[in-house]
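Single-letter residue listing:
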Amino acid sequence: MSETARSILLVAACALIDSDGRILLAQRPEGKSLAGLWEFPGGKVEPGETPEESLVRELHEELGITTKVACLAPLSFASHTYEKFHLLMPLYVCRRYEGIAHGKEGQALKWVKPQALRDYPMPPADEPLIPILQDLL
Ligand SMILES: Nc1nc2c([nH]c(=O)n2[C@H]2C[C@H](O)[C@@H](COP(=O)(O)OP(=O)(O)OP(=O)(O)O)O2)c(=O)[nH]1
């Protein structure tokens, strides 16, 4: 391994879609890395979890909504080198869930039309995912 070798960080993320075809973005809070940027809900996959199980858990913890592994459809992934790690982030689409999303950890949320995604600054890893979502929706 070279001196600059980074470990891979596996993060599962979700494009939650509402009945108007809008996508839910969450703002990263102050004090965290990439603070203020808008991201897809999700988080690190913990040991012993599948990415899908991790997302079902995170969506409940972060947004208070309930969904199922079977309601998560893989769409694409991000693969991006950050300074401290290499992010590998599968992106799922979820259209079937119960409850009303609210920022349970104090984070701002926004339902965004696909054409307006570029109005919300996102982490660099997410950039290539935008046209994929715009094509889908
Ligand atoms: N959930 C999510 N994370 C993303 C996206 N894009 C992106 O680069 N990330 C990065 C930010 C974090 O480094 C990591 C997700 O970590 P996390 O949400 O579980 O944990 P965290 O923010 O508390 O982590 P940290 O930065 O405090 O270490 O993935 C995205 O669209 N959604």
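Quick note: structure is the one above.
Basis of the calculations
- Residues numbered from 1 in each chain as written.
- Predicted model: local features only at pLDDT ≥ 70, side-chain atom pairs only at ≥ 80, totals over all residues.
- Helix = DSSP H or I, 4+ residues; strand = E, 2+ residues; numbered from the N terminus.
- Rg over C-alpha atoms; globule rule 2.2 N^0.38 Å.
- Buried ≥ 20, exposed ≤ 12 C-beta atoms within 10 Å, placed from the backbone.
- Contact = placed C-beta atoms within 7 Å.
- Near = placed C-beta within 6 Å.
- Nonpolar A, V, L, I, M, F, W, Y, C, P; charged D, E, K, R; others polar.
- Pairing = 2+ DSSP bridges.
- Axes fitted to C-alpha atoms, helices over the stretch in contact; angles between N-to-C directions.

A.B. asks: Describe in detail the overall build of the protein chain, supporting the description with residues and values.
C.D. replies: The helix and strand inventory of the protein chain stands at two helices and seven strands. Counting helices and strands in the order they occur from the N terminus, the protein chain gives β-β-β-β-α-β-β-β-α. For the protein chain, whose C-alpha radius of gyration is 14 Å, the value lies close to the compact-globule estimate of 14 Å for 137 residues. Overall size of the protein chain, expressed as C-alpha extent along the three principal axes, is 50 × 35 × 30 Å. Burial statistics for the protein chain: of 137 residues in total, 29% are counted as buried. Within the protein chain, residue pairs in contact and separated by at least 24 positions form 63% of the contacts whose partners lie at least 6 positions apart.

A.B. asks: Any chance you could break down the site of the ligand for me, citing the residues and the numbers?
C.D. replies: The environment of the ligand is formed by 14 residues, the closest being Ser33, Glu39, Gly43, Pro123 and Ala125. Broken down by element, the residue count for the shell around the ligand peaks at three residues, all from strand β4 (residues 42–44). Class assignment for the residues of the shell around the ligand results in seven nonpolar, three polar and four charged.

A.B. asks: Can you break down the sheet that holds strand β2 (residues 23–27) residue by residue, with the values?
C.D. replies: Taken in spatial order, the three strands make up an open sheet running β3-β2-β7, and their pairing is antiparallel. In this open sheet, the two strands that pair with only one neighbour each are β3 (38–39) and β7 (109–112).

A.B. asks: Account for the sheet that holds strand β6 (residues 86–94), naming residues and giving values.
C.D. replies: With mixed pairing, the four strands of this open sheet are ordered in space as β4-β1-β6-β5. For this open sheet the edge positions go to β4 and β5 (72–81), each flanked by a neighbour on one side alone. Across the sheet, the mean angle from the axis of one strand to that of its neighbour is 20 degrees, orientation sign disregarded. The pairing of β5 with β6 spans nine bridges and is classified as antiparallel. Residue Leu72 lies in a different strand from β6, and its bridge partner there is Cys94. Contacts from helix α1 (residues 51–63) reach β1 (8–16), β4, β5 and β6, with the element oriented near 60 degrees to β1. The strands touched by helix α2 (residues 129–136) within the sheet are β1, β5 and β6, with β5 carrying the most contacts at an inclination of about 160 degrees.

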